[in-house]
Amino acid sequence: ASAFVAGIIVFLILYGPLLTYLSLYLGAAFGAAPFVIGAVLSAMSVTTALVSSQLGRMVKFASESRLIKLGFIPYALSLALLPFMPHLALVAIPVVIFGIGQGITIPSLQTYIAGAAPAEYRAAFMSINTTMLRLGQTLGPLVFGLVYSRADFDGVFFYGAGLALVTALAGFIGGRVLR
């Protein structure tokens, strides 16, 4: 169950602060054109692809469960840095850091869930996981929309960073939260 919760939180953060509110922020704070916003967000996707392609090497040093927990740290760092970027070009730095978190966390979650599921129930587990990811994807813009209505863009990024940090700490301190 904790892996499913981690998946919800990953997609809550991805579709809330990053994809929805970072796009709006780049337009509002820097007057960025849609093409430029897309290019900035593409940096995250490229980084995610490069990092996730190295999962086989990473699991030699840390288990999938540890990688999942560690992956929330780049999320927290990137979101906490975003409000402090004075120039549009510098926004690429936290976006790339976020991509590192994505590249570590998402494939580790998929591998962990598939490995934890009994073979005869693996398809059901993966289906439940997909449902949980879509729940996070759906709730992200809504939850952070409430944050935005109270605390503007900085609040969205800082609350997202806080959620990522709390999730990482809960994983490490909670002991059996993802074995």
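The coordinates are above.
Bear in mind that the values here come from a model prediction, so they are computed numbers and not experimental data. (Residues numbered from 1 in each chain as written. Predicted model: local features only at pLDDT ≥ 70, side-chain atom pairs only at ≥ 80, totals over all residues. Heavy atoms only, no water.)

Quick look at the environment of L24
- Relative to the assigned elements, L24 resides in helix α1 (residues 2-30).
- Spatially, the C-alpha atom of L24 lies 43 Å from that of A119, the residues being 95 residues apart in sequence. (Helix = DSSP H or I, 4+ residues; strand = E, 2+ residues; numbered from the N terminus.)

A closer look at a nonpolar patch on the surface
- On the surface, L70, I73, L165, L169, F172 and I173 cluster together into a nonpolar patch covering about 540 Å² of accessible area.
- When residues of the nonpolar patch are traced back to their parent elements, those giving at least two are α4 (64-81) and α6 (122-173).
- Ranked by residues supplied to the nonpolar patch, first place goes to α6 with 4 residues.
- Mapped onto the secondary structure, F172 falls in helix α6. (Patch = residues over 30% accessible without salt bridge, like charges linked within 9 Å, V, L, I, M, F, W, Y side chains within 5 Å. Areas by Shrake-Rupley, 256 points an atom, 1.4 Å probe, with all protein chains shown as cover. Salt bridge = Lys/Arg side-chain N within 4 Å of Asp/Glu carboxyl O.)

Observations concerning α6
- Here α6 is 52 residues long, yet its end C-alpha atoms lie only 28 Å apart, well below the 76 Å a rise of 1.5 Å per residue gives.
- Of all the bends found along α6, the most pronounced is centred on A151 and spans about 130°. (Expected span 1.5 Å × (residues − 1). Bend = angle between axes of the 7 residues up to and from the residue.)

Concerning the nonpolar core
- Membership of the largest hydrophobic core comes to 40 residues, with the highest contact counts inside it found for L22, L26, F72, V91, F98 and F157.
- At the level of secondary structure, the elements contributing two or more residues to this core comprise α1, α2 (34-52), α4, α5 (92-116) and α6.
- No other element matches the 14 residues that α1 contributes to this core.
- Once you skip the residues sitting within four places of it in the chain, L22 turns out to touch P17, L41, L82, V91, V95 and F157. (Core = buried A, V, L, I, M, F, W, Y, C linked by side-chain atoms within 4.5 Å. Buried < 20%, exposed > 50% of the residue type's maximum accessible area, 1.4 Å probe, protein only. Contact = heavy atoms within 4.5 Å.)

Thoughts on the packing of α1 against α4
- At their nearest, the axes of α1 and α4 sit 12 Å apart, and the two run at 20° to each other. Considered as vectors, α1 and α4 are oriented roughly parallel to each other. Like other packed secondary-structure pairs, α1 and α4 cross with a definite hand, here left-handed. For the pair α1 and α4, the contacting residues are A6, I9, V10, I13 and P17 in the first and I68, F72, Y75 and L79 in the second.
- Within the contact of α1 with α4, the residues separate by chemical class into 9 nonpolar, no polar and no charged. (Axes fitted to C-alpha atoms, helices over the stretch in contact; angles between N-to-C directions. Parallel < 35°, antiparallel > 145°, perpendicular 65-115°, else oblique. Left-handed = near helix turned anticlockwise from the far one by under 90°. Nonpolar A, V, L, I, M, F, W, Y, C, P; charged D, E, K, R; others polar.)

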